[in-house]
Amino acid sequence: MQPAREDRRLGFHWVPMTLFLTAVTIAWLYAAANIARRVDAGRPSGGTWIAAAAVIVAVYLWRFAIGKSGASRRGKSVLFVALLLALTPYIYGFAGLIADWARLPISKWVGDFVWVYAVPVASFAFFDLREQPASLKTYVLRSGVEMFVAVPLWTVVWIIAQSAFGWWYT
């Protein structure tokens, strides 16, 4: 049996780090789900915002690991798409699709997915598929700007766009 591949740039074994990140992600999303349920009890649909924020943080955590993985561009893309697909049921679960899927507007079926993933996907395509991945400091600064500036701006633009498309009521 071959030992786990060590990524020399990071100095860790990829398999144990993947298991650690998986455990951290599950714990993070579970905690966010509990908070979302409490918020929904007092303010309906407030949990959707918490679930979306939790997914965005999880995506940024994994994006760094994928970007530093040493995989080819195609490999990084496959890993990132697999991550998004794995997190999609979590988004839909807290968007109310399970409870009343037949009467929900398109904004919940398509809009939540596009809303949560647009900024991280664009950033991944532009920054993380480069030959030389960013340093930890650059990644943290850029991710902070994206999460606290780009995502809120995108949220406002997407709400306006969904209203223009008429998705809130169909």
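Relevant structure appears above.
These lines cover the structure that appears in this document, whether it is placed above or below. (Residues numbered from 1 in each chain as written. Predicted model: local features only at pLDDT ≥ 70, side-chain atom pairs only at ≥ 80, totals over all residues. Heavy atoms only, no water.)

## A look at the overall build of the chain
Counting its secondary structure elements, the chain contains 6 helices and 2 strands. The N-to-C order of helical and strand elements in the chain reads β-β-α-α-α-α-α-α. Per-residue burial for the chain yields a buried fraction of 37% across its 170 residues. Of the contacts made within the chain by residues no fewer than 6 positions apart, 70% connect residues no fewer than 24 positions apart. Taken as a whole, the chain presents about 10,200 Å² of accessible surface, with 72% of it coming from carbon and sulfur. (Helix = DSSP H or I, 4+ residues; strand = E, 2+ residues; numbered from the N terminus. Buried < 20%, exposed > 50% of the residue type's maximum accessible area, 1.4 Å probe, protein only. Contact = heavy atoms within 4.5 Å. Areas by Shrake-Rupley, 256 points an atom, 1.4 Å probe, with all protein chains shown as cover.)

## Structural notes on a nonpolar patch on the surface
A grouping of Val145, Phe148, Val149 and Leu153 is seen on the molecular surface, where their side chains present a nonpolar patch of about 430 Å² in accessible area. For phenylalanine 148, a relative accessible area of 67% translates into the label exposed. (Patch = residues over 30% accessible without salt bridge, like charges linked within 9 Å, V, L, I, M, F, W, Y side chains within 5 Å. Salt bridge = Lys/Arg side-chain N within 4 Å of Asp/Glu carboxyl O.)

## A word on the environment of glutamate 131
In this structure, glutamate 131 sits in the loop between helix 5 (106-128) and helix 6 (136-165). In this structure the C-alpha to C-alpha distance between glutamate 131 and glycine 70, which are 61 residues apart in sequence, comes to 9.4 Å.

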